[in-house]
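Chain by chain, the residues run as shown.
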Amino acid sequence: QVQLEESGGGLVQAGGSLRLSCAASGRMSNVYRIGWFRQAPGKERESVASITWSGGTTTYADAAKGRFTISRDTSKNTVYLQMNSLKPEDTGVYYCARRSTWTSPYEYWGQGTQVTVSS
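This write-up is about the structure you can find in this document. Since this is a predicted model, take the numbers as computed values, not measurements.

Moving on, we get to the environment of Cys 22. By the secondary structure assignment, Cys 22 is in strand β3 (residues 18–25). In this structure, the C-alpha to C-alpha distance between Cys 22 and Gln 3, residues 19 residues apart in sequence, is 9.8 Å. For Cys 22, the residues in contact, after removing those within four places along its chain, are Leu 4, Glu 5, Glu 6, Ile 34, Trp 36, Asn 77, Thr 78, Val 79 and Cys 96.

Next comes the structure, spelled out in structure tokens:
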């Protein structure tokens, strides 16, 4: 079973940057894709970006394009989310999650890390 742990959140001013990390433990051979999601207070959780574990193919939500970069280090079993030009509307709890196949849902989730962007 794969477990996920996020880190790197914090308080930053608008225009600043943060890099989130998602450390995975356990077998990675059955991991197809790892995604980053966020949930702002009073809002539904939304997808931010994702990356396939083996090939590194990425996807981004429109709100993340041009500002966020997702990457992975297979030697460290870690996925990163580099966030630049942060805006107050990026505030929320950021979660990483993994799915086993391209048809399966995101089955395993981390506990989340808080990102707060002040104006």
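After presenting the structure, the write-up continues.
This next bit is on the side chain of Thr 91. Among the structural elements, Thr 91 can be located in the loop between β8 (78–83) and β9 (92–99). A polar contact of 2.9 Å, which involves the side chain of Thr 91, links it to the backbone oxygen of Pro 88. At 2.9 Å, the side chain of Thr 91 and the backbone nitrogen of Val 117 are in polar contact. The contacts of Thr 91, once residues within four sequence positions are left out, are Ala 40, Gln 114, Val 115, Thr 116 and Val 117.

Okay, the sheet that holds strand β1 (residues 3–7) next. Taken in spatial order, the 4 strands line up as β1-β3-β8-β7 in an open sheet, and their pairing is antiparallel. The strands lining the two open edges of the sheet, one partner per strand, are β1 and β7 (68–73). Strand after strand, the sheet turns through a mean of 15° between neighbouring axes, direction not considered. Relative to β3, β1 runs antiparallel, the two being bridged by 5 bridges. Along β3, the bridge assignment pairs Glu 5 with Ala 23.

Right, let's get into the packing of aromatic side chains. Evaluation of the coordinates by the stated rule reveals 3 aromatic pairs. Note on Phe 37 and Trp 109: the rings are 4.8 Å apart at their centroids and 50° apart in plane angle, and the pair reads as tilted. Of this pair, Phe 37 sits in strand β4 (residues 33–39) while Trp 109 sits in strand β10 (residues 108–109); the two residues are 72 residues apart in sequence, bridging distant segments of the chain. A relative accessible area of 26% places Trp 109 in the partly exposed class. Clustering of aromatic rings is evident, with ring pairs tying together Phe 37, Tyr 106 and Trp 109. Note that Arg 45 overlies the ring of Trp 109, its terminal NZ or CZ placed 3.8 Å from the centroid.

Further remarks concern the nonpolar core. Ranked by internal contacts, the top residues of the largest apolar core, which has 26 residues, are Trp 36, Leu 81, Met 83 and Tyr 94. Elements that contribute at least two residues to this core include exactly β3, β4, β5 (46–52), β7, β8, β9 and β11 (113–118). For this core, the element with the most residues is β3, which contributes 4 residues.

Below, the discussion takes up the pattern of salt bridges. In total, this model carries 5 salt bridges according to the counting rule given. With a shortest N-O distance of 3.2 Å, Lys 65 and Asp 62 are connected by a salt bridge. Asp 62 gets classed as exposed once you look at its relative accessible area, which sits at 65%.

This part takes up the pairing of β4. Where burial is concerned, most of β4 is hidden: 6 out of the 7 residues are buried. In terms of strand pairing, β4 meets β5 through 6 bridges, oriented antiparallel. Across the sheet, the residue bridging to Gly 35 is Ser 50, located in β5. Here β4 folds back onto β5 in antiparallel fashion, the turn holding 6 residues, of which Gly 42 has a positive phi close to 80°. Relative to β9, β4 runs antiparallel, the two sharing 7 bridges. Across the sheet, residue Arg 33 finds its bridge partner in β9, namely Arg 99.

Scoring rules and cut-offs
Residues numbered from 1 in each chain as written. Predicted model: local features only at pLDDT ≥ 70, side-chain atom pairs only at ≥ 80, totals over all residues. Heavy atoms only, no water. Helix = DSSP H or I, 4+ residues; strand = E, 2+ residues; numbered from the N terminus. Contact = heavy atoms within 4.5 Å. Polar contact = N/O pair within 3.5 Å; in protein donor to acceptor, adjacent residues only side chain to side chain. Pairing = 2+ DSSP bridges. Axes fitted to C-alpha atoms, helices over the stretch in contact; angles between N-to-C directions. Phe/Tyr/Trp six-rings, centres within 6.5 Å; stacked < 30°, edge-to-face > 60°. Buried < 20%, exposed > 50% of the residue type's maximum accessible area, 1.4 Å probe, protein only. Lys NZ or Arg CZ within 6 Å of the ring centre and 35° of its normal. Core = buried A, V, L, I, M, F, W, Y, C linked by side-chain atoms within 4.5 Å. Salt bridge = Lys/Arg side-chain N within 4 Å of Asp/Glu carboxyl O.

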